[in-house]
Amino acid sequence: GYNMKPIKYLFFMMFALVALASCDTYGDYDQEFSPTYPLGGQYYVKVYDSNNQEMPMHTASGSNVYGTYLYLYNTADNDKDKLWIKLPSDILFDAGILGKISCDVNARTFSGTAGNLEADGNTAVGEFTVTSGLMTEQGATTPSNGKADAIEVKYTLNGKTYTVKGFRWTGWPEDEVW
């Protein structure tokens, strides 16, 4: 008799592949249900010192890299008026911040003073103050000439003031070279 097993297996594999592929077409829909939406997310940024000089993050293939990521995300309690801000320290950049501050989602602003936590999220090492944070929807033109949400943050750490400027991460490699 004719064996149907290979054909059934093939149909099953095709169905599984279609099911897996379709998972990716919806994008990050879950973030819209976050109480900090649309502030939350990952932003590609540069950090400037008090003299408005770009600060190097690390060195790659002999030259300094100035871009890094800033993250805003909701609290475990899903507070509507607080969010986490994370700007990781890097090899050349020791002014990273991690802490929970206040936000006004409707005004797209955030600010406040928090204990500056180590990467473990538990150990505070001093504190930082975000004097102003603003997200402007579609307020940035990316290097690939697209539009993205703009971000600007001013914060003080250890008596020094820093300005962070950038845009919501697009995923396009050509947007990470500015």
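All values reported here derive from a predicted model rather than from experimental measurement.

Trainee: Please explain the overall build of the protein as it appears in this structure.
Mentor: A count of helices and strands for the protein gives 1 helix and 10 strands. Taken from the N to the C terminus, the helices and strands of the protein come in the order α-β-β-β-β-β-β-β-β-β-β. Expressed as a percentage of the 178 residues in the protein, the buried residues total 31%. Of the roughly 10,900 Å² of accessible surface on the protein, 54% is carried by carbon and sulfur atoms.

Trainee: It is not clear to me how the environment of A140 should be interpreted in this structure. Could you clarify?
Mentor: With respect to the helices, strands and loops of the structure, A140 is situated in strand β8 (residues 124-141). On the accessibility criterion, A140 (11% relative accessible area) is buried. With 10 residues separating them in the primary sequence, A140 and A150 have C-alpha atoms 4.8 Å apart. With residues up to four places along the chain from it excluded, the contact list for A140 reads G146, K147, A148, D149, A150 and F167.

Trainee: Please clarify how unusual backbone geometry should be interpreted in this entry.
Mentor: Glycine aside, residues mostly have negative phi, and peptide bonds are mostly found in the trans state. Between Y37 and P38 the backbone carries a cis peptide bond, its omega angle lying at 5°. Residue placement: P38 occurs in the loop between α1 (5-23) and β1 (41-48). Of note, the phi angle at N78 is positive, near 55°, even though the residue is not glycine. Checked against the element boundaries, N78 lands in the loop between β4 (67-74) and β5 (82-87).

Trainee: What exactly am I supposed to notice about the pattern of salt bridges here?
Mentor: Where side chains of opposite charge bring their charged atoms close, a pairing between them can arise. Applying the stated rule across the entire model yields 5 salt bridges. A salt bridge links R108 to E137; the shortest N-O distance between them is 2.7 Å. Of the two residues, R108 is situated in the loop between β6 (97-104) and β7 (109-117) and E137 in strand β8; the sequence distance between them amounts to 29 residues.

Trainee: Would you take a moment to explain the nonpolar core for this structure?
Mentor: One recurring pattern in soluble globular proteins is that nonpolar side chains are buried together. Counting residues in hydrophobic clusters, the biggest one holds 28 residues, and the most contacted among them are V47, I85, L87, F110, V130, I151 and Y155. If you tally residues by element for this core, the top one is strand β9 (residues 147-157), at 4 residues. Setting aside chain neighbours within four positions, we find L87 in contact with V45, V47, T68, Y69, L70, F93, A95, G96, I97, Y155 and V164. Membership of the second largest hydrophobic core comes to 5 residues, among which are A140, A148, A150 and F167.

Trainee: For this particular structure, what's the right way to read the sheet that holds strand β10 (residues 160-168)?
Mentor: Sheet strands associate in pairs through backbone hydrogen bonding, adopting either a parallel or an antiparallel arrangement. What the 8 strands build is a closed barrel, ordered β1-β4-β5-β6-β7-β8-β9-β10; its pairing is antiparallel. Going from strand to strand, the sheet's axes swing by 30° on average, the running direction of each strand aside. Examined bridge by bridge, β8 and β9 share 10 bridges and lie antiparallel to one another. Its bridge partner being in β9, S132 is matched across the sheet by K154.

Conventions used here
- Residues numbered from 1 in each chain as written.
- Predicted model: local features only at pLDDT ≥ 70, side-chain atom pairs only at ≥ 80, totals over all residues.
- Heavy atoms only, no water.
- Helix = DSSP H or I, 4+ residues; strand = E, 2+ residues; numbered from the N terminus.
- Buried < 20%, exposed > 50% of the residue type's maximum accessible area, 1.4 Å probe, protein only.
- Areas by Shrake-Rupley, 256 points an atom, 1.4 Å probe, with all protein chains shown as cover.
- Contact = heavy atoms within 4.5 Å.
- Salt bridge = Lys/Arg side-chain N within 4 Å of Asp/Glu carboxyl O.
- Core = buried A, V, L, I, M, F, W, Y, C linked by side-chain atoms within 4.5 Å.
- Pairing = 2+ DSSP bridges.
- Axes fitted to C-alpha atoms, helices over the stretch in contact; angles between N-to-C directions.

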